[in-house]
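Each chain, letter by letter, is given below.
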Amino acid sequence: ETGGEEVLVAALFSSPEKARAFRERASHLDLPDNLGTIEDRDGLRRHALVARQAGADYAVIDPESGLTEAIPIEEWIR
């Protein structure tokens, strides 16, 4: 809950298949066709840094329909 404020959340996925499935379900978001790959903890950190530079405050791993826990970007960068 944000008290009515707008919050940017980055979606990160544990596999290319999950990313593609999400993109298909969320076609209204006009997401890019290309995918970045996270190979290890340092790769996750790099993706979180890019998300932060894009303005994201939170990240969600493998989002599904309904409520999903968003984790502060700073926790991924440490």
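Now for a description of the structure that goes with this document. Just so we're clear, the structure is a prediction, and the values are computed from it rather than from any experiment. (Residues numbered from 1 in each chain as written. Predicted model: local features only at pLDDT ≥ 70, side-chain atom pairs only at ≥ 80, totals over all residues. Heavy atoms only, no water.)

Along strand E1 (residues 9–12), the buried face is formed by Ala10 and Leu12; none of Val9 and Ala11, which line the opposite face, is buried. As paired elements, E1 and strand E2 (residues 58–61) share 4 bridges and run parallel to each other. Within E2, the position partnered with leucine 12 by the bridge is isoleucine 61. (Buried < 20%, exposed > 50% of the residue type's maximum accessible area, 1.4 Å probe, protein only. Helix = DSSP H or I, 4+ residues; strand = E, 2+ residues; numbered from the N terminus. Pairing = 2+ DSSP bridges.)

This paragraph deals with helix H1 (residues 16–25). Turning to H1, its buried residues number three or more, namely Ala19, Phe22 and Arg23. An end-on view of H1 places all buried positions within 100° of arc, on one side of the element. In H1, the exposed positions angled more than 90 degrees off the buried face are occupied by Glu17 and Glu24. (Arc of directions from axis to C-beta.)

Membership of the largest hydrophobic core is limited to 11 residues, which are Ala10, Leu12, Leu44, Ala48, Leu49, Ala51, Ala56, Ala59, Ile73, Trp76 and Ile77. Going through the elements one at a time, E1, helix H2 (41–53) and helix H3 (73–77) are the ones with two or more residues in this core. Broken down by element, the residue count for this core peaks at 4 residues, all from H2. Among residues more than four places away in sequence, those in contact with leucine 12 are Leu44, His47, Ala59, Val60, Ile61, Asp62 and Pro63. (Core = buried A, V, L, I, M, F, W, Y, C linked by side-chain atoms within 4.5 Å. Contact = heavy atoms within 4.5 Å.)

To continue, consider the environment of arginine 41. Counting through the fold element by element, arginine 41 comes out in helix H2. Each C-alpha atom, one on arginine 41 and one on tryptophan 76, is 8.9 Å from the other, the two residues being 35 residues apart in sequence. Contact partners of arginine 41, with chain neighbours within four places excluded, come to Glu75, Trp76 and Arg78.

In this section: the pattern of salt bridges. Side-chain pairs of opposite charge can arise where the charged atoms are in close proximity. All chains considered together, the criterion is met by 3 salt bridges. Notably, a salt bridge pairs aspartate 42 with arginine 46, separated by 2.7 Å at the nearest N-O pair. One end of the pair is aspartate 42 and the other is arginine 46, both in helix H2 and 4 residues apart, which spans about a single turn. Residue class for arginine 46 comes out partly exposed when judged on its relative accessible area of 45%. Of the charged contacts, one joins glutamate 74 and arginine 52 as a salt bridge, the two residues approaching to 3.1 Å between their closest N and O atoms. Here glutamate 74 is found in helix H3, whereas its partner arginine 52 is found in helix H2, with 22 residues between them in sequence. (Salt bridge = Lys/Arg side-chain N within 4 Å of Asp/Glu carboxyl O.)

Read these as spatial facts, not as claims about activity.
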